[in-house]
Amino acid sequence: MTARAFYWCRACRRPLFAASSAVAGTARDWEIDHQEPGDCANDALFPLAGTAAAPEELRHAAGVLRLFGH
Ligand SMILES: [Zn+2]
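Scoring rules and cut-offs
- Residues numbered from 1 in each chain as written.
- Predicted model: local features only at pLDDT ≥ 70, side-chain atom pairs only at ≥ 80, totals over all residues.
- Heavy atoms only, no water.
- Helix = DSSP H or I, 4+ residues; strand = E, 2+ residues; numbered from the N terminus.
- Buried < 20%, exposed > 50% of the residue type's maximum accessible area, 1.4 Å probe, protein only.
- Areas by Shrake-Rupley, 256 points an atom, 1.4 Å probe, with all protein chains shown as cover.
- Core = buried A, V, L, I, M, F, W, Y, C linked by side-chain atoms within 4.5 Å.
- Contact = heavy atoms within 4.5 Å.
- Donors = N, O, S within 2.8 Å, 3.2 Å for Na, K, Ca; no water.
- Tetrahedral: all angles 85-135°; square planar, octahedral: opposite > 155°, others 65-115°.
- Polar contact = N/O pair within 3.5 Å; in protein donor to acceptor, adjacent residues only side chain to side chain.
- Pairing = 2+ DSSP bridges.

Some words on the overall build of the protein
The secondary structure content of the protein amounts to one helix and five strands. Along the protein, from the amino end to the carboxyl end, the secondary structure elements read β-β-β-β-α-β. Considering the protein as a whole, with its 70 residues, one finds that 31% of them fall into the buried category. Surface accessibility of the protein: about 4500 Å² in total, with carbon and sulfur atoms responsible for 53%.

A word on the nonpolar core
Leu16, Ile32, Phe46, Leu48, Leu58 and Leu65 are the most contacted members of the largest nonpolar core, which has 14 residues in total. Mapped by element, the contributors of at least two residues to this core are strand S1 (5-9), strand S2 (15-22), strand S3 (28-34), strand S4 (48-52) and helix H1 (61-64). Once residues lying within four places of it in the same chain are set aside, the contact partners of isoleucine 32 are Leu16, Phe17, Ala18, Phe46, Pro47, Leu48, Pro55, Leu58 and Leu65.

Digging into the coordination of the zinc ion
Around a metal, the idealised angle for a tetrahedral arrangement of four donor atoms is 109.5 degrees; for an octahedral arrangement of six donor atoms it is 90 or 180 degrees. Within the first shell, the zinc ion binds the protein through Cys9 (SG), Cys12 (SG), His34 (NE2) and Cys40 (SG), at distances of 2.1 to 2.2 Å. For the zinc ion, the four donor atoms in the first shell make angles of 105 to 117° at the metal, so the coordination geometry reads as tetrahedral. On the basis of relative accessibility, which here comes to 21%, the residue cysteine 12 falls in the partly exposed class. Residue cysteine 40 is classed as buried on the basis of its relative accessible area of 13%.

Notes on the side chain of histidine 34
Position of histidine 34 among the secondary structure elements: in strand S3. Polar contacts involving the side chain of histidine 34 include one to the side chain of aspartate 33, which spans 3.3 Å. Those residues in contact with histidine 34 that sit more than four places away from it in its chain are Cys9, Cys12, Arg14, Pro15, Leu16, Phe17, Cys40, Asp43 and Phe46.

Quick word on the pairing of S3
Sheet analysis places S2 next to S3, joined by seven bridges and oriented antiparallel. Residue pairing in the sheet places alanine 22 in a bridge with arginine 28 of S3. Here S2 folds back onto S3, and the loop between the two strands holds five residues, one of which, glycine 25, carries a positive phi near 65°. Relative to S4, S3 is paired through five bridges, and the arrangement is antiparallel. Residue pairing in the sheet places arginine 28 in a bridge with alanine 52 of S4.

A word on the side chain of arginine 28
With respect to the helices and strands, arginine 28 occurs in strand S3. Within polar-contact distance, the side chain of arginine 28 engages the side chain of serine 20 at 2.8 Å.

Functional significance is not addressed by these values, which are geometric in nature.
Right under this line is the structure:
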């Protein structure tokens, strides 16, 4: 299953992509970064990568991701 999720960067408010691949159980390996390179105050935190059931559960996610519509 391919998961597609769209987020905005909290720092620069540009769109992010979230790519993931399945690992054991419900966990997925995530890689999240800006859709286009550019200046961002949170650049040191990108790409945001790790293993979790959802991007929101990744370390640093709360400070980096802005959920679409929120
Ligand atoms: Zn940004």
